[in-house]
Amino acid sequence: MENELKQLIIDALDLEDIGIDDIDSDAALFNDGLGLDSIDALELGLAIRKKYNVKIDAEKEDVVKIFSSVSTLANYIRAQSI
Amino acid sequence: MQSMIKGSDFIVRNWGASAPGLSSVDDWKNWYATQRISPDSKPPLLPNSISKMLQRRLSLLARLVFHAAGQCLDDGEIMPVVFSSAHGEICKSLEMLKAIQAGEGLSPTAFSLSVHNAIAGLFSIAYSNSREMTVIAPGLEGIAPAFIEALGLLYENGLHEKGLRENNEVLLVFYDEPIADFYPVAPFNLNAPFPCALALKVSLAGDGLPVRLSRSSESRDDGEHPVQLLAFLRFLLGDEQSLTLGNQGRGWRWGKI
């Protein structure tokens, strides 16, 4: 699922110059890591909802933790999909 | 021309324009002579100083704005900017309306980039420009309100600096793209044949092309902003000494002095 998520990130966020091999599953997605910003977080949330039917509620969940890396995001989606 | 300037006179220090396939002054001179534009042309390349992460957010229209403005600015140069566009990113808004109609989730990125000051916001980030920025949607008045806004800024900033200094400059950026067929435009003359951005750096003193702006009461029907933008570009490229643009009895005249 990690690779699938990476491709989703690349497609949803128009990261044309980046391939899935360029994204480290454990590296930070935002700020210093991949360099994504708050608009990307919203866009990614929408893309995840469309693809996995998983809604990440910013008021109930610890979104900073969930969105911290591809691994944490994949773990969260897996847990919600069961 | 270094002499002191009156009320609605200003100096065009330099200018740049960009459309698909038209970027250099020579390209524009050729367009002026032939009125032709090649249909399969690509959007302009932007300098590497504008990060790829930011460039991915730029529409064709935003790229043209950046490219035209970039031709007027030295590296690191910042100044107040007046943006002027009849329709802004209206094509993005239409795409979102279609998504809503189809019952799809709305893209937050598309929404944030569809508002009238979206390109101005991206521009301020890309150029680290924290000066005053205004975005005008001028309607029937065409390109004139942006000049008036720029003159206001020049005089206001000139007051603080106690005089008309050469470094008191404002960047004016006009841009529009053809709007989608979905929108009925007739009987209004408000669609240009191609997307285009025109940037002018203006001041009250210094070298450049001195221009006098005045009201005109001639009864005219010159079209709205997207059409007037190209008329002003032809005025810059050609030998005509004056340009009058107006609609419904309200108009403005630009004269080379």
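Rules used throughout
- Residues numbered from 1 in each chain as written.
- Chains lettered and ligands numbered in written order.
- Predicted model: local features only at pLDDT ≥ 70, side-chain atom pairs only at ≥ 80, totals over all residues.
- Heavy atoms only, no water.
- Axes fitted to C-alpha atoms, helices over the stretch in contact; angles between N-to-C directions.
- Helix = DSSP H or I, 4+ residues; strand = E, 2+ residues; numbered from the N terminus.
- Parallel < 35°, antiparallel > 145°, perpendicular 65-115°, else oblique.
- Contact = heavy atoms within 4.5 Å.
- Nonpolar A, V, L, I, M, F, W, Y, C, P; charged D, E, K, R; others polar.
- Core = buried A, V, L, I, M, F, W, Y, C linked by side-chain atoms within 4.5 Å.
- Buried < 20%, exposed > 50% of the residue type's maximum accessible area, 1.4 Å probe, protein only.
- Pairing = 2+ DSSP bridges.

Student: Which residues make up the packing of helix α1 (residues 25–34) of chain B against helix α8 (residues 225–237) of chain B, and what are the values?
Tutor: Residues and elements named next belong to chain B. Relative orientation of the contacting elements α1 and α8 amounts to 105 degrees, with a least axis distance of 10 Å. With respect to each other, α1 and α8 are oriented roughly perpendicular. Packed against α1, whose contacting residues are Trp 28, Lys 29, Trp 31 and Tyr 32, the element α8 presents Leu 230, Leu 233, Arg 234 and Leu 237 at the interface. Within the contact of α1 with α8, the residues separate by chemical class into 6 nonpolar, no polar and 2 charged.

Student: Can you explain the nonpolar core? Please cite residues and give values.
Tutor: Residue and element names in this part refer to chain B. Grouped together as the largest cluster of nonpolar side chains are 42 residues, with contacts concentrated most on Trp 28, Phe 147, Leu 198, Leu 200, Phe 232, Leu 233 and Trp 254. Among the elements that make up this core, the one with the highest residue count is α8 (8 residues). For Phe 232, the residues in contact, after removing those within four places along its chain, are Ile 143, Phe 147, Leu 198, Leu 200, Leu 243 and Trp 254. Formed by 26 residues, the second largest nonpolar core is a distinct cluster that contains Ala 68, Ile 119, Leu 122 and Leu 171.

Student: Explain the pairing of strand β5 (residues 196–203) of chain B to me, using residue names and the numbers behind them.
Tutor: Residues and elements named next belong to chain B. With 8 of 8 residues buried, β5 lies mostly within the body of the structure. Here β5 shows a buried face lined by Cys 196, Leu 198, Leu 200 and Val 202 and a second buried face lined by Ala 197, Ala 199, Lys 201 and Ser 203. Two strands pair when backbone bridges link them, and strand β1 (residues 9–18) and β5 are joined in this way by 7 bridges, in the antiparallel orientation. Bridging from a neighbouring strand, Ser 18 pairs with Ala 197 of β5. Bridge count between strand β4 (residues 169–176) and β5: 8 bridges; the pairing is antiparallel. The residue of β5 that forms the bridge with Leu 171 is Lys 201.

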